[in-house]
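Next come the chains, spelled out residue by residue.
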Amino acid sequence: MREPAFWWRPGSGALLSPLGAIYGAVTARRMQSPGRSVGVPAICLGNLTIGGSGKTPAALAVGRLLLAAHQHPFFLTRGYGGQLAGPVRVDPTTHSAAAVGDESLLLARLAPTIVARDRLEGAKAARRGGATVIVMDDGFQNPSLVKELSILLVDSRRGIGNGRIIPAGPLRAPLKVQTARAQAIVVVGADPAPPAVTECASRHSVALFRGCLEPDRDTLAAFRGRKVLAFAGIADPQKFFATLAEGGVVIAGRTSFPDHHRYSAAEAQALIARADAENLMLVTTEKDLARLTGDPRLTQLAARASALPVRLIVDEEEQFQQMVLDVLKRRKTDL
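Residues numbered from 1 in each chain as written. Predicted model: local features only at pLDDT ≥ 70, side-chain atom pairs only at ≥ 80, totals over all residues. Heavy atoms only, no water.

Caption draft 1: Representation of empty space enclosed by the protein. Counting across every chain of the model gives one cavity of 30 Å³ or more. Considering only enclosed or pocket space, the largest cavity measures out at about 30 Å³ in volume. Every residue lining the largest cavity is listed: Trp-8, Thr-49, Gly-51, Gly-52, Ser-53, Val-154, Asp-155, Arg-158 and Gly-159. When its residues are assigned to classes, the lining of the largest cavity shows two nonpolar, five polar and two charged. (1 Å grid on protein atoms, 1.4 Å probe; cavity = no way out; pocket = protein on both sides within 12 Å on 5 of 7 lines; lining within 4 Å. Points joined across faces, edges and corners; volume = space filled by probe spheres on them. Nonpolar A, V, L, I, M, F, W, Y, C, P; charged D, E, K, R; others polar.)

Printed below as a string of structure tokens:
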């Protein structure tokens, strides 16, 4: 489903705020529950709000840091949009997005990935598989597993929207409650950090980092020679379109779908037909291409579409790296 547009308008959502207060109180109480450890450290990448902040690129960035430090990280994700409850180890050669979700397929290209709706059982499976550290893509608001390091992501352009809690706004829980349980916040994008986030981070001594999603330069260069039909089913398709435009790509057409959208055969054919009629190159996100792959109805679109890879680049690279690696040092000390 699409996010309500009013979530991102200041001052909106007042009529639903009582429901948001109830939802927020329940979530806040749940987050206070003590979690359990499976004997290896867990690093969690989460969102303050519903989607669109760069959580999965952040998880991949942390995974790369850990691999460079000669660790054996396992990714742990719920597998949003997938049918399998897990725990199951993702095999990109056999699993489809319909089975395990799109994000898990991207994560599994870098390191072993466990899909599990029960995060604790998923963490146990990761440890049995040989994990020395677990990187959680989402699950910040889930209290079942102890997290040695929690990093929240927030998009600088969208911020926290109207500042209200679901269903009145995009916040997953009260801002103060979430910030108090995090060790770091990464503000992604070129816009100024949302004042409310900056204030909460300062009040709770939470490290504040700045980052950006950097597109692959070689891929952008290959796109510049053609007019493209860009399409995306992510939380913020406009961000994807803006990235292409800022990279010098001529966007002749753009089509938006809801986050984690499951494309129909008719939608796939419509995109192909327009591309053929107007001599356009089909361009999408890595998540969307992962969703297209493995579905026989979408084989032609998957073969025709090209994805734009992006990476999270943190301005304070050394401090961010040290924060992540300190988790491993603390674990050794505890043992």
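Caption draft 2: Molecular detail of unusual backbone geometry. In this chain, Ile-166 is followed by Pro-167 through a cis amide linkage whose omega measures 5°. Within the secondary structure, Pro-167 is located in the loop between β6 (149-155) and α6 (175-180). Despite not being glycine, His-70 shows a phi value in the positive range, around 65°. Examined against the element boundaries, His-70 turns out to sit in the loop between α2 (55-68) and β2 (73-77). In the Ramachandran plot, Asp-138 falls in the positive-phi region, its phi being about 80° despite a non-glycine side chain. As for its placement among the helices and strands, Asp-138 is situated in the loop between β5 (133-137) and β6. You can call Asp-138 buried: its relative accessible area is 18%. (Helix = DSSP H or I, 4+ residues; strand = E, 2+ residues; numbered from the N terminus. Buried < 20%, exposed > 50% of the residue type's maximum accessible area, 1.4 Å probe, protein only.)

Caption draft 3: Looking closely at the sheet that holds strand β10 (residues 250-256). The sheet built from four strands is open, its strands ordered β10-β9-β11-β12 with parallel pairing. The two strands at the open ends of the sheet, each matched to only one other strand, are β10 and β12 (306-308). The average undirected angle you get between the axes of adjacent strands in this sheet is 35°. Pairing geometry for strand β9 (residues 227-232) and strand β11 (residues 281-285), over three bridges, is parallel. Residue pairing for β11: Leu-229 is matched across the bridge by Leu-282. Together, β9, β10, β11 and β12 form the strand contacts of helix α9 (residues 237-246), whose direction differs from that of β10 by roughly 170°. (Pairing = 2+ DSSP bridges. Axes fitted to C-alpha atoms, helices over the stretch in contact; angles between N-to-C directions. Contact = heavy atoms within 4.5 Å.)

Caption draft 4: Representation of the pairing of β6. Of all seven residues making up β6, seven are buried, and the element is well covered by its neighbours. Pairing geometry for strand β1 (residues 42-47) and β6, over five bridges, is parallel. Its bridge partner lying in β6, Ile-43 is registered against Leu-149. Bridge analysis of β6 against strand β7 (residues 184-188) gives five bridges, and the strand direction is parallel. Directly across from Leu-153, in β7, lies its bridge partner Val-186. In this view, the connection linking β6 to its parallel neighbour β7 by way of α6 has right-handed handedness. (Right-handed = clockwise from strand over helix to strand, strands pointing away.)

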